[in-house]
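Inside the fold
Residues per chain, in single letters:
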Amino acid sequence: MESITKLKDMTQFILQTNEIERDGSNGSEISIPIYDISSEEFLYFAENAIASETKEGIVNAVSNLKRALDCEMDMFFESINLKRIFDKRNLKFEKKTQFLANIGLFPIQTINKLNFMRNKLEHEYKTPEIYDLHTYYELVWSVVKILDLYLELLYKNGEINLELYIENNVYYLTMKHDIKECAFEFEIINWTKEKEREERRLNVCLKNQKDANDFIKAFNIYLLSIQYFDYRNLNLYKKKIKKLLNDNGAPDSLKGR
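These notes cover the structure that comes with them.

Some words on the overall build of the chain
Summing up its helical and strand segments, the chain has nine helices and five strands in all. Ordered by position from N to C terminus, the α and β elements of the chain give α-β-α-α-α-α-α-α-β-β-β-β-α-α. Once the C-alpha set of the chain is aligned to its principal axes, its extents read approximately 75 × 35 × 30 Å. The buried share of the chain, taken over its 257 residues, is 49%.

Below, the structure is given as structure tokens:
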């Protein structure tokens, strides 16, 4: 455990486990904002506009789908205290969607298709094909539902506790999502009988640009651990953790233009 000084070290430590048991979880301090018009309502407006089958309806559908997407992402980022960072750095739509891909919420192929569809419908001054409009609706609908589900997961799992078994040793791993400080806290304690209670702590916070890569990886580890906590598929968990460890880094979604 003495060698655990960085996020990469902790990730490698997790990969050594023979077994992981769930111990418990606590809720978070997430406060989900309530807007006058929700993303679901914008989706409803868009659905009705598409059903009208008129040029005006199609144009209105495009506008409301864009609003639904922007509203949902703002709600998500505000809930986890990241919206202020995007606003401060004037990070636009593509950076927001790239961040969602970076933390593992969506495959990058889905994000690229979403960005392509949005730009195509927004910047071409012609009535969009109904096929494109339906495809865009399905993409936006999926983003809204998935972000809602992940927010619920984060809301219910502000802290998770796991028991790690490595050969004859037992370790207690606590992971905490600190919303206020934009940080992830990791604590490992050696709970092996007849051994000294050795412990290691890591705090991965987002204070400046150089913190972005570790923060994104910590976010990934946290989300993967929540999923393991629910489904207990150790082989899949370790496979995804290993892939994350070997990843050289995604495009920096928190860097300004």
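Describing the packing of helix H2 (residues 39-52) against helix H3 (residues 55-79)
Remark: H2 packs on H3, axes separated minimally by 8 Å, with the N-to-C direction vectors making an angle of 165°. Taken together, the axes of H2 and H3 are roughly antiparallel relative to one another. Here the hand of the crossing between H2 and H3 comes out left-handed. Together, Ser39, Phe42, Leu43, Phe45, Ala46, Ala49, Ile50 and Ser52 of H2 and Gly57, Ile58, Asn60, Ala61, Asn64, Leu65, Arg67, Ala68, Cys71 and Glu72 of H3 make up the contact between the two elements. In the contact of H2 with H3, the residues fall into eleven nonpolar, five polar and two charged.

Focus: helix H9 (residues 234-246)
Count 3.6 residues to each turn of an α-helix, and residues three or four apart come out pointing the same way. Between its first and last C-alpha, H9 extends 18 Å over 13 residues, near the 18 Å set by a 1.5 Å rise per residue. In the core, the buried residues of H9 are packed alongside helix H1 (7-15), strand S1 (19-26), strand S3 (169-178) and helix H8 (212-231).

Thoughts on the packing of aromatic side chains
Counted by the stated rule, this structure contains 14 aromatic pairs. Their ring planes at 45° and their centres at 5.5 Å tell us that Phe184 and Phe215 sit as a pair that is tilted. Separated by 31 residues along the polypeptide, Phe184 in strand S4 (residues 183-190) and Phe215 in helix H8 bring together distant segments of the chain. The exposure class assigned to Phe215 is buried, which follows from its relative accessible area of 2%. A connected cluster of aromatic rings, assembled from ring pairs, spans Phe76, Phe77, Phe86, Phe99, Phe184, Phe215, Phe219 and Tyr222. Between Arg118 and the ring centre of Phe93, over which it is positioned, the NZ or CZ distance is 3.9 Å.

Criteria and thresholds
- Residues numbered from 1 in each chain as written.
- Predicted model: local features only at pLDDT ≥ 70, side-chain atom pairs only at ≥ 80, totals over all residues.
- Heavy atoms only, no water.
- Helix = DSSP H or I, 4+ residues; strand = E, 2+ residues; numbered from the N terminus.
- Buried < 20%, exposed > 50% of the residue type's maximum accessible area, 1.4 Å probe, protein only.
- Axes fitted to C-alpha atoms, helices over the stretch in contact; angles between N-to-C directions.
- Parallel < 35°, antiparallel > 145°, perpendicular 65-115°, else oblique.
- Left-handed = near helix turned anticlockwise from the far one by under 90°.
- Contact = heavy atoms within 4.5 Å.
- Nonpolar A, V, L, I, M, F, W, Y, C, P; charged D, E, K, R; others polar.
- Expected span 1.5 Å × (residues − 1).
- Phe/Tyr/Trp six-rings, centres within 6.5 Å; stacked < 30°, edge-to-face > 60°.
- Lys NZ or Arg CZ within 6 Å of the ring centre and 35° of its normal.

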